[in-house]
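Here is what each chain is made of, one letter per residue.
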Amino acid sequence: MPIVYWNGKFISQNEARASVAQPGFLLGYGLFETMRAYRGRIVYYNEHIQRLFSSCRQLGIKGVPGAQALRRNIAEAVSLNCLKDARVRLTVWKKQQGAEILITAELYQAPGRDVYGRGFQVLIAAGLYAPVTPHKTTNRVIYETAYGQARRKKYDEALLCTSLGYISEGTRSNIFWVKNEAVFTPALACGCLAGVTRKVVFDLCRHKGIIVEEALCTAQDLVSASEAFLTNSLFGIMPVRAIEGRKIGGKKNRKIIPLLTREYARLMRNENHHS
């Protein structure tokens, strides 16, 4: 049975109990960060924790341990579960007074080279609009409903749109597309999360002299792109093969994605970039 950190102690996962009377349970009043442990170290820990703390301040969630205490507890959760490569989730729920803290760590197996080579097939979710929030909250109903639509139709991911029809983000990812060798992604005003890996891609593009901009994007913009890819903290940079069956570019035509993938892999291997 996995070992979890729950409100100050490490216990078996089936021993963890949450109060049904707290706002975190009743209202979905909570936040979370999903992080990757790579070779036993948390990738971009500082960026994840700064985003969490910023949201805690804005949403009035108090009583969360400090960054160094959370770092130690996360490291111990990974170690106690005998893991090196792990999916780590830090969840914070609002209580009437203070906060409840849960840290889980489970084995993470990255997609194989064949998956990255092939790329994801993506669905545009029907009848659902992207929540306009800068916070990564535990209220996931819209995202999980959209993801369920995708999986039932054998797609890998679903994209959410704004009420005006602009692409916002994936249920588990940020979306990028390439036109004329420049990289674009939806603006934060479209409701997408300011993803940690999204920011890494911005930095990599600028370092390599690639134009990268925020822009409004429709489904037609995506399918007419020469390349498209998704990002998140677990799989990193994932090519998009098709949007609802409409092929995007082609593996042989990819130029930007291989470059960014190589640079991202270099960062992952460089312990100076592990927090």
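Values in this document were obtained by computation on a predicted structure and should not be read as measured data.

Novice: Hey, could you go over the packing of aromatic side chains for me, with residue numbers and the actual values?
Specialist: Counting across every chain of the model gives 6 aromatic pairs. Residues Trp 6 and Trp 93 carry aromatic rings whose centres are separated by 5.8 Å and whose planes lie at 70 degrees to one another, so their mutual orientation is edge-to-face. Taken together, the residues span a long stretch of sequence, with Trp 6 in strand β1 (residues 3-6) and Trp 93 in strand β5 (residues 86-94) at a distance of 87 residues. Each member of the pair Trp 6 and Trp 93 is classed as buried. Geometrically, the ring pair formed by Trp 177 and Phe 184 is stacked, given 6.0 Å between the ring centres and 25 degrees between the ring planes. Assessed through its relative accessible area of 3%, Trp 177 is described here as buried. Counting every residue linked through ring pairs, the aromatic cluster contains Phe 176, Phe 202 and Phe 229.

Novice: I'd love a proper account of the sheet that holds strand β3 (residues 30-38), names of residues and values included.
Specialist: Judged by pairing direction, the sheet is antiparallel, and its 6 strands sit side by side in the order β2-β1-β6-β5-β3-β4 without closing on themselves. Looking at strand neighbours, the two that pair on one side only are β2 (9-12) and β4 (41-42), the edges of this open sheet. Pairing of β3 with β4, which is carried by 2 bridges, proceeds in the antiparallel orientation. Counterpart to Ala 37 in the pairing with β4 is Ile 42. Against the sheet, helix α3 (residues 67-80) engages β1, β2, β3, β4, β5 and β6 (99-107), with an angle of about 35 degrees to β6.

Novice: Would you mind going over the nonpolar core in detail, with residue names and values included?
Specialist: Leu 52, Val 64, Leu 70, Val 88, Leu 90 and Ile 101 are the most contacted members of the largest nonpolar core, which has 25 residues in total. Of all the secondary-structure elements, those providing two or more residues to this core are β3, α2 (45-59), α3, β5 and β6. Sort the elements by how many residues they give to this core and α2 lands first, with 5 residues. Those residues within four positions of Val 88 in sequence are excluded, and the remaining contacts are Glu 33, Thr 34, Met 35, Ala 37, Ile 42, Ile 74, Val 78, Ile 103, Thr 104 and Ala 105. If you look at the next biggest cluster of nonpolar residues, it comprises 24 residues, including Val 115, Phe 120, Ala 182 and Val 223.

Novice: Any details on the pattern of salt bridges? Residues and values, ideally.
Specialist: Summed over all chains, the structure comprises 10 salt bridges. Note that Glu 33 and Arg 51 form a salt bridge whose closest N and O atoms lie 2.6 Å from each other. Taken together, the positions of Glu 33 in strand β3 and Arg 51 in helix α2 put the pair 18 residues apart, joining distant regions of the chain. By relative accessible area, Glu 33 is classed as buried at 2%. Taking relative accessible area as the criterion, Arg 51 reaches 13% and is therefore assigned buried. Taking the shortest distance from any N to any O, the salt bridge between Glu 144 and Arg 172 comes out at 3.1 Å.

Novice: Hey, could you go over the pairing of strand β7 (residues 120-129) for me, with residue numbers and the actual values?
Specialist: Inspection of the sheet shows β7 paired to strand β14 (residues 236-243) by 3 bridges, in the parallel sense. Directly across from Val 122, in β14, lies its bridge partner Ile 243.

Novice: Quick rundown of the environment of Gly 127? Include the residues and the values.
Specialist: Relative to the helices and strands, Gly 127 is located in strand β7. On the accessibility criterion, Gly 127 (78% relative accessible area) is exposed. Remark: the alpha-carbon pair of Gly 127 and Ala 146, spanning 19 residues in sequence, is separated by 9.0 Å.

About the thresholds
- Along each chain, the written sequence defines residue order, and numbers are assigned to residues from 1.
- With the structure being a predicted model, the display of local features is reserved for residues of pLDDT at least 70 and the display and counting of side-chain atom pairs for 80 or more, all residues being used for whole-chain, interface and lining totals.
- Calculated side-chain values reflect all of the structure's heavy atoms, with hydrogen atoms and water omitted.
- Two rings belonging to Phe, Tyr or Trp (six-membered ring only in the last case) form a pair when the distance between their centres is within 6.5 Å. Interplanar angles under 30 degrees mark stacking, angles over 60 mark edge-to-face geometry, and anything in between is tilted.
- For the purposes of this entry, the term helix denotes a DSSP run of H or I that reaches at least four residues, the term strand denotes a run of E that reaches at least two, and both are numbered from the N terminus.
- Whether a residue is buried, partly exposed or exposed follows from its accessible area with a 1.4 Å probe, protein chains only, as a fraction of its type maximum: under 20%, in between, or over 50%, in that order.
- Any two strands with at least two DSSP bridges between them are considered paired.
- A contact between two residues is defined here by any heavy atoms of the two lying within 4.5 Å.
- Simply put, an axis is a line fit to the C-alpha atoms, just over the touching stretch for a helix, and the angle between two N-to-C directions goes from 0 to 180 degrees.
- Nonpolar cores are built from buried Ala, Val, Leu, Ile, Met, Phe, Trp, Tyr and Cys residues. Side-chain atoms within 4.5 Å join them into one set.
- In the sections that follow, a salt bridge refers to a side-chain nitrogen of Lys or Arg positioned within 4 Å of a carboxyl oxygen of Asp or Glu.

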